[in-house]
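The chain contents come next:
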Amino acid sequence: MKTFDHLSVIGLREWINLPDLGMIGLRAKIDTGASTSCLHASDIQPFQRDGEDWVRFTAHIGTLVQRRHRCEAALVTVKRIKSSTGHVQSRYVIRTGLTLGDRMWPVEFTLTCRKTMRYRVLLGSKALVDGQLVVNPALTYIQDKPVLLDISGAP
């Protein structure tokens, strides 16, 4: 059996932060079958800022108690996503910093309505590769809750 010392192990569900969007304490489900990560969003509106494409949206946080958080992010692209049932949907894609455990790295998220889903955030395989993570699906919430760092890097 091979082991890889530079990879961190995460469980099937983990706590994350999206500090660039001002969102902390999110529960994320790990989805190795999805290439791109996704975030539950509504009221999605593209706009221009200084000649660049941006998107404004409402992120929905929490499962039992719903909180809404208005966000803006640079638009990376619009991507066609095919669901496991074969349904094709065009989605806006943003890139934002993600904190999981003691690591932070940029991750691309598609914005979509997940109101009928239990988890508002899915982490796909590209995020796992970029974060150098492996998944043990028998475990959940094994990484410490990430802390929101200030600009100096101090907690």
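The sections below set out a description of the structure shown in this document. For clarity, every value in this text was computed on a predicted model and none was experimentally measured.

Description of the packing of aromatic side chains
Going through the model one piece at a time under the given rule, you end up with 2 aromatic pairs. Here the aromatic rings of Trp15 and Tyr141 are separated by 5.7 Å at their centres, their planes lie at 40°, and the arrangement is tilted. Taken as a pair, Trp15 in strand β2 (residues 13-18) and Tyr141 in the segment after β10 (133-135) lie far apart in primary sequence, 126 residues in all. Here Trp15 falls in the buried class, since its relative accessible area comes to 16%. Assessed through its relative accessible area of 25%, Tyr141 is described here as partly exposed. On the basis of an interplanar angle of 40° and a centroid distance of 6.4 Å, the ring pair of Phe47 and Trp54 is categorised as tilted.

Focus: the side chain of Thr112
Inspection of the secondary structure assignment puts Thr112 in strand β8 (residues 103-112). Dropping the residues within four chain positions of it, Thr112 is found in contact with Cys38, Leu39, His40, Ala41, Gln89 and Arg91.

Describing unusual backbone geometry
Of note in the backbone geometry, Asp50 takes a positive phi value of approximately 50° without being a glycine. Within the secondary structure layout, Asp50 lies in the loop between β4 (37-49) and β5 (52-61). At Tyr141, a position not held by glycine, the phi torsion is positive, near 50°.

Conventions we followed
- Residues numbered from 1 in each chain as written.
- Predicted model: local features only at pLDDT ≥ 70, side-chain atom pairs only at ≥ 80, totals over all residues.
- Heavy atoms only, no water.
- Phe/Tyr/Trp six-rings, centres within 6.5 Å; stacked < 30°, edge-to-face > 60°.
- Helix = DSSP H or I, 4+ residues; strand = E, 2+ residues; numbered from the N terminus.
- Buried < 20%, exposed > 50% of the residue type's maximum accessible area, 1.4 Å probe, protein only.
- Contact = heavy atoms within 4.5 Å.

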